Structures are given as structure tokens and as C-alpha cells.
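# Topology and contacts: notes
One letter stands for each residue in the lines below.
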Amino acid sequence: AAGQETDERRRLGAGRTTGRCGGAMNKPDNTNRRDNRPRRPRTDRPRTERPRTERPRVPLDPARQAAFETLRAVSERDAYANLALPALLRDRGITGRDAAFATELTYGSCRTTGQLDAIIAAAANRPVADIDPVLLDLLRLGAYQLLRTRVEDHAAVATTVGAAKYEFDSVRGGFVNAVLRKIAGRSLDEWLVEVAPDPAKDPIGNLALRHAHPRWIAQAFADALGADAAELPEVLAADDARPQVHLAARPGALAAEELAAATGGTVGRYSPYAVYLPGGDPGRIDAVRDDLALVQDEGSQLIAIALTRAPLSGPDGGRWLDLCAGPGGKTALLAALARGAGATVTAVEPAARRAELVEQNTRGLDVPVLRLDGRDGEAIAAAVGGVGEGFDRVLVDAPCTGLGALRRRPEARWRRQPADLPELTKLQRELLAAAIGLVRPSGVVLYSTCSPHLSETVGVVADAARRHPVEVLDARELFTPVEGLGAGPYVQLWPHRHGTDAMFAAVLRKLPS
């Protein structure tokens, strides 16, 4: 067993046991010194060994334990941190500072996983793929505290090592101790000088790792910025920061000023229904529980509002369609605006759970939810008893990579891959084609994504404009009073400019037959 433990220590990279002054505890050169000393007389009394003292193996405190378990759920089960952690905090009654600490550790560790892994690999002198996954999540938790929080080094190291001993054994605890102590010896900037690509040879790769993004995503942002690519560091920095929570007051039920006064928030800059929260759990807000407000990024609010402002040729018959409705945030705002305009909204969502969320978010707004594939225009028309010439306004908030909302989905940037794009862009083209088929002549379709990737935005819209009888309208005037929207005709919002998710919008008007 002792031999196996030695092999295990060597595999994990644990250092040799050291003496009080740090030197290796080897045998002295004079191995015959004992023979020169007088021997004690033997007695019949049995020999007793002094008990070995070892630091107790203790689990993590509640906040760190909640963060660790969420990281495990993300790694093992592809859980979403922003869903798993709040549920865990509620179940265990973790509130106040402990809840805030657990949230920072969880979301921060998820958001910076690739950056942390590069540093852990360098400190451990091995690829992270060679480290036990549970141990790796502990190392990420410890490294994040050391490099990106104000937690004292000794507290970050001691709690993580104790957890490794508790979860495994002293051998792995020693490995974690060695790696974290090495990480603690340098600042984040010093580590990044070592592990990030050379900025002269790969400037985008260097910026990507410095701001905790995969390189391909940083490249996609640079491509979308186009002539403004010099803003890439600002985009990445904004995307790496923890986002502010936005609420949307329900039109006709509650004014933004009233919501701000009730929550201690501030009225938004652009949407007349937006409120920015200073912090806390929005699920505990009375207006949210009473369906008078919902959590919704201001950029998403602007998308719904823009559809209602888009100019039609001829009167608005009041038939509006949300073709990709789940989970229902835009649907709810659109339906509340429709009620004020004497219109009705029909929602389409094929996924059962997401359809349920649409129904929950639109309670009291009389929104029929069709559990159909948005690409099946005939089935949708049949389900509503025929659409005549078609719907007046159609929203296509298409499924996408979500690259524009990475700051709100901390683990997503490390899950998404470029290989996801072909299937998604095919779906997006098909959904937009179906929407054009369902809208009436001179009616409008607003196509949006929470991604700035050109393949999902300009590429999809340009393809539709070539294939279908539509004209592309200038969407910028529909987003008043937002500034910095570029040359048009499309709208691309950015977190560093507008404080919103990186939402894209294009408006198409169907040409008369």
C-alpha cells in the first residue's frame, strides 16, 4: 500500500516531504552513527509509537460548498449555473453575504474556466485532462479565489486543501496544496504573461485569454465589429464583467418609475419599461411574483418594442406572431404592448418545457401558445383557423449560439463550439423563410438573435433577401433613443456601448404580390 501511495503521489505531482527548513528529509550520510552510541538495555515493556498529528479533514463552508457542488453539476451533467445555484441556495437557506460569495465564486469560476485551466496546467506541469475532474473543479475554485477575489491566500489554499482531503485523501490534498501555493506566488497578470499567446504574433488570442474567452469567440466579435474592431478589448472586458440585472415593467400594469421606487433600482436609459437593479434576488421582488414585471435584459425589451414600431403598408390588422417564443420574455412584453394597441399575439414554441414557461410569463395576457415547429407554416395557419393574407407583424427571435449573452450564462462560452454553427444557421434560415411565408404582403418580420456572429446575423438575412420577396428596412430608427448603432440597416447592440446583451436585429418588409 505504501508503494501504491508513493506512485500516486508521483502521478499527481505532489512534492516530496520536506523538513522544517524546506530541505528533503533524506537519510544522513553517516549510517553507522547508531552503532557508536551505547545501547539501552532491553526491557519487556512493549514499544509505543507516538501518535501522528494530522490536520483534520473538513468539508467546505456552506458558501464554498454550494459553489463547488454547482461546478460539479456544470461539469458532470451540463447543468446551467444560473439555474442550479439559486435553487441550491434556496434549498439550504443560504442568504446575504454567504449567498453573494457563493454566487461570485460559482459564476466567476464558470466564466473564467479556460483562463483558470491554462494557469492550473502551467502550475501543475500537466494538461488539465490528466487531473481528476473533481479535483480539477476544486482547483478552479481555489485558483479563482487566489487570482480574482480579495480572499486571503491562506484562506483560499487552506479551505481548498481541506476539501481535497475530505473528498479524497492526504495525497491529493498535498497535490492541491502544491499547485495552489505555486499559483499564489504570482498575480493574474504575471501568469497571463506566461500562458497567453504572444500579443505580437496572435493579438486576438492574447486578448481572448486575458479576458477569459475562447479565441474563436473573440474572433467572431472582432469580425462583427468590422471597422470598429479596435473596440474588441472593451467588448471582451464588458463580457467578462458580472452583468447588472434588468427588469421590465409590464406596460399598462406598472410604470418603470413605480418599479424603480419599489425596488430601489433606477429607470433604464433606453426602454421606457426598463429598471436596473442594484443587486439582490429578483425572484423575491413582489412585482415579479405578481406578474407585474419580469427579469429581462434591456436589449431584449428593445427588440420587442422595435417590432411594434416597424412601419407597415396599410392598416395594422392586429394579428401578431412570435414564432420562437420560449421562454416567453419578449412574448410577454409584446403581448402587453399589443393589448394597448388592440392587437393579439400568437406564440409558437415546440419544446414542452419552454412552452410552459411562455404560458407562465404571459399569464393574464390571453396569448395562445401553439406547441408546433415554427418551420411548419401550414400547421401554424391551420391551428389558428387560417391566417387570411397573413400576420401583420412576426417576430423571429431565432435559436442561436447565444454569444451575445455570455455574461449572463457563465459556462456557455466554454460549451459552444464553431461546429455548432452549421446546424443553427440552417435552422435560422428555415425559420426566417417560414416567417416570411406567414406574414401578409406589406407586413413586417423582425429577425433577431442574441449573437453577433456574422453567420447568424448578416449572413442569414442576406440569404433571405436573395431568396424571398422582401425589402430590408433601416432598423436603427426603431431603436430610438439608442445611439452608436453603426451604419445600418441592421442594429447591433453591444454590452460595452449600450450596457445590454449583444442583440442583433434586422427588419424585413414583404413586398406586395
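Residues numbered from 1 in each chain as written. Predicted model: local features only at pLDDT ≥ 70, side-chain atom pairs only at ≥ 80, totals over all residues. Heavy atoms only, no water.

### Side note on the overall build of the protein chain
Threshold: Per the convention used, a helix needs a DSSP run of H or I reaching at least four residues, while a strand needs a run of E reaching at least two, with both numbered from the N terminus. Only protein chains enter the accessibility calculation, which uses a 1.4 Å probe; a residue whose area is less than 20% of its type maximum is buried, one above 50% is exposed, and one in between is partly exposed. Two residues qualify as a contact provided that any one of their heavy atoms is within 4.5 Å of a heavy atom in the partner residue. The method behind every accessible area is Shrake-Rupley, applied with a 1.4 Å probe, and residues are considered shielded solely by the protein chains displayed.
The helix and strand inventory of the protein chain stands at 22 helices and 12 strands. Per-residue burial over the protein chain gives 49% buried out of 513 residues. By sequence separation, contacts in the protein chain at least 24 residues apart represent 70% of the contacts at least 6 residues apart. For the protein chain, the accessible area works out to roughly 25,300 Å², and carbon and sulfur atoms hold 49% of it.

### Section: the side chain of arginine 509
Filter applied, for reference: Think of a polar contact as two N or O atoms within 3.5 Å of one another; within protein, one of them needs to be a possible hydrogen donor and the other a possible acceptor, and neighboring residues in sequence only count if both atoms come from side chains.
Within the secondary structure, arginine 509 sits in strand 12 (residues 504-510). Under the relative-accessibility criterion, arginine 509 is labelled buried at 15%. At 3.2 Å, the side chain of arginine 509 forms a polar contact with the backbone oxygen of proline 311.

### Regarding the confidence of the model for the protein chain
Stated formally: Confidence of the predictor in every single residue is expressed as pLDDT, which spans 0 to 100.
Taken residue by residue, the protein chain gives an average pLDDT of 90. The fraction at 70 or more is 89%. Segment residues 1-43: pLDDT under 50, and 27 contacts once partners within four positions in sequence are set aside and those in other chains are kept. Within the model, pLDDT remains below 50 along residues 45-53, and this stretch shows zero contacts once partners closer than five positions in the same chain are excluded.

### Focus: unusual backbone geometry
In this chain, glycine 326 is followed by proline 327 through a cis amide linkage whose omega measures 0 degrees. Structurally, proline 327 can be placed in the loop between strand 5 (319-322) and helix 16 (329-341). With an omega of 10 degrees, the peptide bond running from threonine 480 to proline 481 counts as cis. Here proline 481 is to be found in the loop between strand 10 (470-473) and strand 11 (491-492). The phi torsion at asparagine 125 lies on the positive side, around 60 degrees, for a residue other than glycine. Overall, the relative accessible area of 69% leaves asparagine 125 in the exposed class. Phi at aspartate 366 is positive, roughly 55 degrees, even though this residue is not glycine.

### Focus on helix 16
Using the following cut-off: In this analysis, the expected span of each helix is defined as 1.5 Å times one less than the number of residues it contains.
Its 13 residues place the ends of helix 16 19 Å apart at the C-alpha level, agreeing with the 18 Å of an ideal helix rising 1.5 Å per residue. For helix 16, the buried fraction is high: 10 of the 13 residues fall into the buried class. Of all the positions in helix 16, only Gly329, Lys330, Thr331, Ala332, Leu333, Leu334, Ala335, Ala336, Leu337 and Ala338 are classed as buried. At its buried positions, helix 16 is contacted by strand 4 (293-295), helix 15 (298-309), strand 5, strand 6 (344-348), helix 17 (352-361) and strand 8 (391-397).

### Remarks on the packing of aromatic side chains
The description of an aromatic ring pair uses the distance of the two centres, along with the angle that the planes make with each other. The condition is simple: Stacked, tilted and edge-to-face pairs are distinguished by plane angle, under 30 degrees for stacked and over 60 for edge-to-face with tilted covering the rest, among Phe, Tyr and Trp rings (Trp via its six-membered ring) whose centres lie within 6.5 Å.
Going through the model one piece at a time under the given rule, you end up with three aromatic pairs. Relative to phenylalanine 504, the ring of tyrosine 447 has its centre 6.5 Å away and its plane inclined at 70 degrees; by these criteria the two rings are edge-to-face. You can see tyrosine 447 sitting in strand 9 (residues 439-449) and its partner phenylalanine 504 sitting in strand 12, a full 57 residues away along the chain. Both residues of the pair, tyrosine 447 and phenylalanine 504, count as buried.

### A short note on helix 15
With 12 residues, helix 15 extends 16 Å between its outermost C-alpha atoms, agreeing within 8% with the 16 Å of an ideal straight helix rising 1.5 Å per residue. Within helix 15, the full set of buried residues consists of Glu298, Gly299, Ser300, Gln301, Leu302, Ile303, Ala304, Ile305, Ala306 and Leu307. Close packing links the buried residues of helix 15 with strand 1 (246-249), strand 3 (274-276), helix 16, strand 8, strand 9 and strand 12. Two or three places before glycine 299, at the start of helix 15, stands the capping residue aspartate 297, its side-chain oxygen 2.8 Å from that residue's backbone nitrogen.

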